[in-house]
Every structure is written in structure tokens, then in C-alpha cells.
Amino acid sequence: MKISLVTPAGKQSRTGNRTTAERWARILRDLGHRVNVSQEDSGAGADLMVAVHAWRSARSIRMFSEKYPDKPLVVLLAGTDIYKFQHSHPDQTLGSMDRATELVCLHGLVHRAIPKKYGRKLRVIHQSSPPLPTPRVPSKRWFEVTVAGHLRAEKDSLRTAYAARLAPPGSRLRVVHLGNAHDRQWEKNALDEARSNPRFIWRGGVPGWQVRRQFARSHVMVISSVMEGGANIVSEAIVCGVPVIASHIDGNVGMLGDDYPGYYPAEDEEALARLLRRAETDAAFLKDLEKRCRKLAPHYTPAREKRAWRNLLKDLGD
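Every chain is numbered on its own, with residues counted from 1 as its sequence reads. Per-residue local features are limited, in this predicted model, to residues with pLDDT of at least 70; the limit for side-chain atom pairs, both in listing and counting, is 80 or more; totals at the level of whole chains, interfaces and linings are taken over all residues. As a rule here, side-chain values come from all non-hydrogen atoms in the structure, and water together with hydrogens is ignored.

J.: Would you mind going over the overall build of the protein with me for this structure?
T.: The secondary structure content of the protein amounts to 12 helices and 12 strands. The C-alpha atoms of the protein give a radius of gyration of 20 Å, which matches the 20 Å a tight globule of 318 residues would have. Along the longest, intermediate and shortest principal axes, the C-alpha atoms of the protein span 65 × 40 × 35 Å. Of all 318 residues assigned to the protein, the portion counted as buried reaches 54%. Numbering goes from the N terminus for both helices and strands, where a helix is a DSSP run of H or I of at least four residues and a strand is a run of E of at least two. Atoms considered for the radius of gyration are the C-alpha atoms alone. The globule rule reads 2.2 Å times the number of residues to the power 0.38. Here the term buried applies to any residue with accessible area under 20% of the maximum for its type, exposed to any over 50%, and partly exposed to those in between, with areas from a 1.4 Å probe on protein chains only.

J.: How do you make sense of the environment of Lys121 when you look at a structure like this?
T.: For Lys121, the location among the structural elements is in the loop between β5 (102-105) and β6 (122-124). Overall, Lys121 belongs to the buried group, its relative accessible area being 6%. Contacts between residues were defined by any pair of non-hydrogen atoms, one from each residue, lying within 4.5 Å. Setting aside anything within four residues of it in sequence, one finds Lys121 in contact with Met97, Asp98, Arg99, Ala100, Thr101, Glu102 and Leu103. Here a polar contact is taken to be a pair of N or O atoms separated by no more than 3.5 Å, where protein atoms must pair a possible hydrogen donor with a possible acceptor and residues adjacent in sequence count only if both atoms sit in side chains. From its side chain, Lys121 meets the backbone oxygen of Met97 in a polar contact 2.8 Å long.

J.: Help me out: how do you make sense of helix α12 (residues 302-315) in this one?
T.: Each α-helix winds once per 3.6 residues, and so residues spaced three or four apart point in a common direction. Expected helix span is given by 1.5 Å per residue-to-residue step, counting one fewer step than there are residues. The terminal C-alpha atoms of α12 lie 20 Å apart, and with 14 residues this matches the ideal 20 Å at 1.5 Å per residue to within 8%. Those residues of α12 lying buried are Glu305, Ala308, Trp309, Leu312 and Leu313. The arc enclosing the buried residues of α12, seen along the axis, measures out at 130 degrees, which places them on a common side. Turned more than 90 degrees off the buried face of α12, the exposed positions are Ala303, Lys314 and Asp315. One or two positions beyond α12, positive phi appears at Gly317, with a value near 100 degrees. Our arc is simply the arc of the directions from the helix axis toward the C-beta atoms.

J.: Honestly, the sheet that holds β6 in this entry has me stumped. Any pointers?
T.: Sheets are built from strands that pair by backbone hydrogen bonding, the pairs being arranged parallel or antiparallel. One open sheet accounts for 6 strands, arranged β2-β1-β3-β4-β5-β6; its pairing is parallel. Every other strand in the sheet has two partners, leaving β2 (34-38) and β6 as the edge strands with one partner each. Across this sheet, the average inter-strand angle for adjacent strands is 20 degrees, counted without regard to direction. Here 5 bridges tie strand β1 (residues 2-6) to β2, and the two strands are oriented parallel to one another. Looking at the pairing, Lys2 lines up with Arg34 of β2. Only C-alpha atoms enter the line fits that serve as axes; for helices the fit covers just the stretch in contact. Angles between N-to-C directions range over 0 to 180 degrees. Relative to β6, α12 is tilted by about 155 degrees, and along the sheet it contacts β3 (48-52), β4 (73-76), β5 and β6. For two strands to count as paired, DSSP must find a minimum of two bridges between them.

J.: Whenever I open this one, the nonpolar core confuses me. Can you help?
T.: For the purposes of this section, nonpolar cores are sets of buried Ala, Val, Leu, Ile, Met, Phe, Trp, Tyr and Cys residues that join through side-chain atoms within 4.5 Å. Val244 and Ile245 are the most contacted members of the largest nonpolar core, which totals 57 residues. With 20 residues, the next largest nonpolar core counts Trp24, Val35, Val74 and Leu76 among its residues.

J.: What's the story with the side chain of His107 in this structure? I'm lost.
T.: In this fold, His107 is placed in the loop between β5 and β6. Relative accessible area serves as the criterion here: at 0%, His107 is assigned to the buried category. Polar contacts involving the side chain of His107 include one to the side chain of Tyr83, which spans 3.1 Å. Separated by 3.0 Å, the side chain of His107 and the backbone nitrogen of Leu109 make a polar contact.

J.: Sorry, what's going on with the sheet that holds strand β10 (residues 220-223) here?
T.: An order of β9-β8-β7-β10-β11-β12 is seen for the 6 strands of this open sheet, with the pairing classed as parallel. Of all strands in the sheet, those bounded by a partner on one side alone are β9 (200-204) and β12 (263-264). Relative to β12, strand β11 (residues 244-247) runs parallel, the two being bridged by 2 bridges. Each residue of the ladder has a partner; that of Ser247, found in β12, is Tyr264.

J.: It is not clear to me how the side chain of Asn232 should be interpreted in this structure. Could you clarify?
T.: With respect to the helices, strands and loops of the structure, Asn232 is situated in helix α8 (residues 232-240). Using a relative accessible area of 12% as the deciding quantity, one classes Asn232 as buried. A polar side-chain atom of Asn232 sits 2.7 Å from a polar atom in the side chain of Ser235.

J.: Even after reading the chapter, I still don't get the pairing of β4, so can you show me in this structure?
T.: Residues in a regular strand project their side chains so that they alternate between the two faces of the sheet. Residues Leu73 and Val75 of β4 are buried on one face, and the alternating residues Val74 and Leu76, pointing to the opposite face, are buried as well. Handedness of a crossover: with both strands directed away from the viewer, a clockwise path from the first strand across the helix to the second marks it as right-handed. Remark: the β3/helix α2 (residues 58-67)/β4 crossover connection has right-handed handedness. Summarising the sheet, β4 and β5 pair through 3 bridges and their orientation is parallel. By the bridge assignment for β5, Val74 is matched with Glu102.

J.: What should I look at first to understand the environment of Ala54 in this one?
T.: Take Ala54: it is sitting in the loop between β3 and α2. On the basis of relative accessibility, which here comes to 0%, the residue Ala54 falls in the buried class. Setting aside anything within four residues of it in sequence, one finds Ala54 in contact with Ile61, Val75, Leu76, Leu77, Asp81, Gln92, Thr93 and Ser96.

J.: How should I be thinking about the packing of helix α3 (residues 79-88) against helix α4 (residues 90-99) in this particular structure?
T.: Between two packed helices, what matters for the description is the angle formed by their axes and the separation of those axes. Interaxial distance between α3 and α4 falls to 5 Å at its minimum, and their mutual angle equals 120 degrees. One finds that α3 runs oblique with respect to α4. Taken together, the residues of α4 that come into contact with α3 (itself represented by Asp81, Phe85, Gln86, His87 and Ser88) are Pro90, Thr93 and Leu94. Of the residues contributing to the contact of α3 with α4, the split by class is 3 nonpolar, 4 polar and 1 charged. Oblique is the label for every angle not falling under 35 degrees (roughly parallel), over 145 degrees (roughly antiparallel), or within 65 to 115 degrees (roughly perpendicular). Polarity classes work like this: nonpolar for Ala, Val, Leu, Ile, Met, Phe, Trp, Tyr, Cys and Pro, charged for Asp, Glu, Lys and Arg, and polar for all others, with Gly in that last group.

Okay, structure coming up:
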């Protein structure tokens with residue numbers, strides 16, 4: 001089968017949209033299909049379109065749907081589709097959802113945030129990650145906290161740095177942030193924070209292998225987002241054995257579970273600082289987080305993600 005896979009992120013991008021598209025392309029090729037990845041496409045000659053992002057890929061979705069109304073169309077609902085654009089740009093976003101044969105989401109609570117009529121189209125496909133090639137060895141000098149993701153408003157990206165400022169003098173806490181700045185203002189904010197906060201290091205955008213190397217020396221990973229569609233960095237941390245501390249939003253709860261003890265109220269650096277201090281000083285608490293993440297790891301394996309795509313294509317009549 002020939003598949004047109006559309007993503008709004010270009011080839012050089014390290015955004016989640018591009019990462020997801022490239023991983024899905026590999027999976028679909030492994031399943032025996034021919035896959036063309038592009039930023040915009042009408043799907044000419046394709047048997048199926050898979051579109052990453054309902055709003056940003058709306059033009060390609062519309063062109064394919066109108067040109068090939070009888071061919072299957074799969075649309076990934078990104079976090080901004082679910083929690084932002086369906087409200088701010090409903091014509092394009094909900095229009096894409098109407099046109100879709102199947103809607104893919106990345107965490108288990110998306111159904112609570114979209115109109116009920118789309119529930120019959122919705123299925124969860126968890127994003128996967130391979131494990132670390134060698135055992136994780138956390139830093140002995142620092143209590144190392146990793147934040148990985150582009151600096152932008154939806155990620156509340158500097159919240160962990162602000163929390164680190166509240167650590168007591170004797171703390172060994174250090175925050176290492178990996179990810180590009182969304183714009184010049186975010187770059188300025190990050191550079192200013194790094195200059196004034198001795199517990200914060202910003203390393204900018206790095207390739208995936210450097211993220212994994214950082215995970216290997218980390219004690220915890222923080223995801224501080226105010227909205228998420230199901231971040232791959234969470235599944236990466238889980239599979240790599242890194243305990244996760246997360247803002248209490250649906251996108252994180254839908255991956256980690258209702259009873260996970262590592263949540264703090266979004267945008268609350270004081271609560272996050274208390275949780276980080278507990279993780280640093282309470283070995284039993286940190287071990288419990290690690291144990292819970294280890295139990296979740298089988299949900300985020302490459303084999304499971306591949307099986308989910310095989311089942312989806314089978315249901316579409318492959």
C-alpha cells in the first residue's frame with residue numbers, strides 16, 4: 001500500500017510532530033508499505049493518508065478528502081488540536097476531525113476533551129521508545145533533573161528552573177534543559193535564567209542520542225506542560241527507567257495513571273520545588289516513582305506501537 005504521511009514539521013525539525021512522523025514512517029515501512037513523508041500533500045496516487053496535526057495539516061486533509069472521498073484518512077490529534085485549536089480554529093480543526101476515518105491520540109484521556117461524536121473514531125496509540133543500551137547510572141555529584149522539550153508557552157518550559165531557585169542551600173539539585181527556544185524571547189529568557197540561576201543549565205537543541213545520554217545520568221525527568229497530547233519524552237523516560245515528575249494535566253495523567261504520586265499543580269513552582277526536594281531526600285519515594293514507571297514501560301515498547309498500527313491498518317481494510 002502507498003501511504004502519504006503529512007506532518008507540519010520540516011526535515012530539519014526536532015519537534016515532536018517530526019519525531020512522531022519519522023517513527024511512524026519507519027513502522028509503516030517495516031509493515032511492508034511505501035511511505036512518502038511531506039509537509040503538504042494532496043495524496044495523489046496514495047491509498048491512505050496519515051496526517052499529523054488536525055489544524056496544521058488541515059489543507060492536506062481537505063485536499064485528500066475531497067479528491068479521494070472513499071480512501072481512508074487517519075488524523076493524529078496533537079495536544080494543541082485537543083486543548084487549543086478546536087476552540088480557537090474550530091472550522092479547520094473540527095473539519096479535519098469530521099473528514100477523518102480514524103482519529104489517533106497519544107494518551108487515554110483525550111475522549112474527555114473532544115466532542116462526544118468523535119469518540120467512535122478515536123483510538124489510542126502510545127508512542128514508543130527503545131531502552132537505554134546500558135544501565136542508567138545517575139550522577140553522584142548532582143541530583144540531576146532533566147527537562148527535555150522546546151521552550152514555549154505550552155510547555156511552561158522554565159517552571160523547573162524557577163522551582164530549582166527554591167531549593168535549600170544544601171541541596172545538590174541541578175536542572176539540565178535540552179531543547180531549542182521557540183522564539184527570541186524564549187531564548188533571552190533561558191539565557192537570563194542560566195546566568196542568574198546556578199542550578200540551571202540550558203544546552204539548547206540536541207540530537208536524540210544526547211537526550212538519552214542525559215537520561216542515563218539523571219535522577220528524575222520533569223514535564224511541566226500546561227497542555228500535552230501525550231508527550232513522547234514521557235514514554236522515553238519511562239522506558240529508560242527515569243522517574244517522572246509531571247504537571248497534573250490530562251496529557252500526563254493519561255500516560256502515567258490517576259494514582260501516580262509524582263504530580264504537582266501546573267504552573268506552581270513551589271509545589272514542584274517541594275516534590276523535587278522530596279525526590280532528592282526521600283529514597284523510598286524516589287524508588288516508588290521508579291517502580292511505577294518500570295511497570296508502565298511495557299505500554300511504550302516499539303513492538304506494541306507496531307502492533308497497534310498493524311491492527312489499525314487491518315481495521316481499515318489493508
